[in-house]
Amino acid sequence: MSMKFSIPKTWRERKPHYLLEATKCKNCGKIHYPPRTVCDKCGSRDLERTRLSGEGRIVSYTVQYVVLDGFRDYAPIIYAIVELKEGVRVLAPLTDVKPGDVKIGLKVKAVLRKVSEDGKLGLIRYAIKFKPLEAESQK
Amino acid sequence: MKPVNDVGIAGWGVYIPKYRIKCSEIEAMWGFQPGYCRSLNVYEKAVAGVDEDTITIGYEAAKNAILRAKISPSEVGAIYVGTESKPYAVKPSITVIGEALGITPKTLGADLEFACRAAGEAIEASIGLIASGMIKYSLVIGADTAQASPGDVLEFTASSGGAAYVLAKRGDNTVAYFEGSFSYITDTPDFWRRPRSPYPYHGEQFTGDPAYFHHIISAVKGLMESLGLRSSDFDYAVFHQPNGRFPLKVASKLGFPKDKVLPGLITPYIGNTYNGSALIGLAAVLEQAKPDQRILLASFGSGSGSDAYSIIVEDGIEERVNLAPKVKDFLENKEYISYPLYAKFRGLIEKFEM
């Protein structure tokens with residue numbers, strides 16, 4: 001049985017993927033997602049783990065109709081760049097929304113969803129996706 | 001059963017996927033007599049999206065329960081999910097949920113299985129752990145993405161959804177408490193699923209009298225006898241809801257009028273969420289109940305067993321209601337889908353692997 005997913009990578013990335021865990025530079029305050037070991041702004045290695053709010057607005061998006069093997073069930077997949085309240089930009093799929101209903105500026109929140117499966121026998125990967133906030137919250 | 005120290009509910013939360021299929025569409029698809037599903041008192045059912053399963057549903061319900069309990073996830077000392085639709089046959093669901101909520105690693109927990117009643121068992125186990133002082137808070141989740149063979153009558157009701165409860169010692173952040181409980185289980189083969197079988201097998205009418213009705217009635221009567229209560233002492237009655245008809249019938253047999261059952265009867269609008277069924281009904285009742293009111297909760301799981309609880313509502317419940325989305329919000333936020341899309345979402349279409 002061959003596995004396409006790296007088990008150590010899936011395990012190592014679980015907190016950023018499940019909890020939107022980021023790093024914050026104790027020297028300059030910059031927040032990085034995904035987490036880093038060295039700040040890309042000031043070069044400091046003095047970073048701490050922090051959890052992002054999961055609420056933000058869509059900055060840009062694209063719709064993928066031609067998908068990789070194993071992703072046909074999820075198609076069309078909408079990938080968005082979401083700017084969170086903290087000012088950090090996150091690239092992630094959207095869920096529970098149709099391509100025609102997505103707009104730049106749409107308010108979204110993070111939810112935990114399945115993102116991929118390693119065939120019928122391998123690991124299931126769970127991670128953050130974004131879904132639109134309810135209509136009344138868009139104002 | 002009554003613990004030495006009373007245990008109660010600190011927070012509750014539900015999650016119901018937004019997708020719905022009308023039962024009339026399933027009727028038409030498989031050539032049932034029009035109006036068949038009306039005889040079950042079920043009109044539409046909730047369908048998990050293609051990227052949802054028991055883990056994601058349980059996570060969302062638990063997040064809402066923790067919000068209402070106003071606690072830090074790290075305070076949860078035990079986490080249980082009752083389900084019969086685990087994403088993995090071997091690998092716990094609660095480790096993913098616990099990790100994603102920030103509960104792990106200093107906790108105990110497990111996935112429990114007893115058909116639709118496993119979450120009821122989890123409540124009993126949690127009461128014991130909390131009453132004994134071993135843990136402060138327990139998180140109990142009942143969640144399922146119920147399976148039904150296409151064209152089986154079960155397909156009208158088998159749905160997706162979940163509920164979660166944060167339990168604590170009475171008076172320690174609780175807004176309702178368990179006055180007592182009574183469990184009743186026997187070996188009754190009304191419904192089962194063998195290993196490697198994608199869909200359950202059920203005993204048609206056998207699921208009624210010897211299973212659902214006998215076990216719930218026995219548990220509720222046992223509860224009322226042990227506490228010295230009558231049906232008139234309860235303000236609400238919430239039963240497991242395999243369809244919209246059985247809870248009303250069992251209520252009638254036990255002497256509960258319809259108006260005490262309807263506030264917690266949610267299955268007609270979302271189907272049977274299995275381990276979420278009675279617990280979503282209880283959530284709907286908690287969202288309108290007033291302090292000092294008494295609620296009967298009776299779970300049921302095939303195989304078979306029932307747990308009956310008497311729950312007394314306490315002060316402070318009203319201010320918890322709006323801390324998270326309510327059952328009513330989930331009922332209103334819906335999108336109808338076609339049978340083909342439902343079939344895709346539920347994995348009913350077998351793709352040939354190239």
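The structure displayed is predicted, hence computed values, not measured ones.

Asks: Kindly report on the nonpolar core, identifying the contributing residues and their values.
Replies: When a protein is soluble and globular, its nonpolar side chains tend to lie buried together. Formed by 81 residues in total, the largest nonpolar core has its most connected members in L139, Y165 and I295 of chain B. If we skip the residues at most four places from it in the chain, Y165 of chain B touches I9, G11, W12, A65, S138, L139, V140, L279, L282, A283 and L286 of chain B.

Asks: Break down helix α2 (residues 54-69) of chain B for me, citing the residues and quoting the values.
Replies: Residues and elements named next belong to chain B. The end-to-end C-alpha distance of α2, which contains 16 residues, comes to 22 Å, matching closely the 22 Å that a straight helix rising 1.5 Å per residue would cover. Two or three places before I55, at the start of α2, stands the capping residue D53, its side-chain oxygen 2.9 Å from that residue's backbone nitrogen. K70, located one to two residues past α2, shows a positive phi value of around 55°.

Asks: So, the packing of helix α5 (residues 208-227) of chain B against helix α6 (residues 246-254) of chain B: which residues are in play, and what are the values?
Replies: All names here are of chain B. Relative to each other, α5 and α6 sit at 50°, their axes nearing to 10 Å. Comparing their axes, α6 and α5 come out oblique. Here α5 runs over α6; the crossing is right-handed. Note on element contacts: α6 touches α5 through F246, P247, K249, V250, K253 and L254, opposite G208, D209, Y212, F213, I216, I217, V220 and K221. Along the lines of polarity and charge, the residues of the contact of α5 with α6 split into nine nonpolar, one polar and four charged.

Asks: Can you explain the pairing of strand β6 (residues 137-145) of chain B? Please cite residues and give values.
Replies: Residues and elements named next belong to chain B. With nine of nine residues buried, β6 lies mostly within the body of the structure. With burial as the criterion, each face of β6 is covered, one bearing Y137, L139, I141, A143 and T145 and the other bearing S138, V140, G142 and D144. Pairing between β6 and strand β7 (residues 160-169): eight bridges, direction antiparallel. Bridging across to β7, G142 finds its partner in A163.

Asks: Break down the sheet that holds β7 of chain B for me, with residues and values.
Replies: All names here are of chain B. Reading across from one edge, β5-β4-β6-β7-β1-β8-β13-β12-β11 is the order of the nine strands in this open sheet, with mixed pairing throughout. Each edge of the open sheet is held by one strand with a lone partner, namely β5 (108-112) and β11 (236-239). Direction aside, neighbouring strands of the sheet carry axes that sit 20° apart on average. When strand β4 (residues 76-82) meets β6, the two strands line up parallel, connected through six bridges. Looking at the pairing, V81 lines up with I141 of β6. Across the sheet, helix α3 (residues 93-101) is in contact with β4, β5 and β6; its angle to β4 comes to roughly 135°. Against the sheet, helix α8 (residues 277-286) touches β1 (7-15), β6, β7, β11, β12 (294-298) and β13 (303-313), its axis set at about 65° to β7.

Asks: Can you explain the interface of chain B and chain A? Please cite residues and give values.
Replies: Many structure descriptions define interface size as the accessible area lost when the parts assemble. Contacts between the two partners involve 25 residues from chain B, matched on the other side by 24 residues from chain A. Between chain B and chain A, the buried area comes to about 2100 Å², and carbon and sulfur atoms account for 46% of it. The three residues of chain B that bury the most area against chain A are D51, Y88 and E99 of chain B, which together make up 27% of that side's buried surface. The tally of links from chain B across to chain A stands at eight salt bridges.

Thresholds applied
Residues numbered from 1 in each chain as written. Chains lettered and ligands numbered in written order. Predicted model: local features only at pLDDT ≥ 70, side-chain atom pairs only at ≥ 80, totals over all residues. Heavy atoms only, no water. Core = buried A, V, L, I, M, F, W, Y, C linked by side-chain atoms within 4.5 Å. Buried < 20%, exposed > 50% of the residue type's maximum accessible area, 1.4 Å probe, protein only. Contact = heavy atoms within 4.5 Å. Helix = DSSP H or I, 4+ residues; strand = E, 2+ residues; numbered from the N terminus. Expected span 1.5 Å × (residues − 1). Polar contact = N/O pair within 3.5 Å; in protein donor to acceptor, adjacent residues only side chain to side chain. Axes fitted to C-alpha atoms, helices over the stretch in contact; angles between N-to-C directions. Parallel < 35°, antiparallel > 145°, perpendicular 65-115°, else oblique. Left-handed = near helix turned anticlockwise from the far one by under 90°. Nonpolar A, V, L, I, M, F, W, Y, C, P; charged D, E, K, R; others polar. Pairing = 2+ DSSP bridges. Buried area = accessible area lost by both parts, 1.4 Å probe. Salt bridge = Lys/Arg side-chain N within 4 Å of Asp/Glu carboxyl O.

Nothing here speaks to function; it is all geometry.
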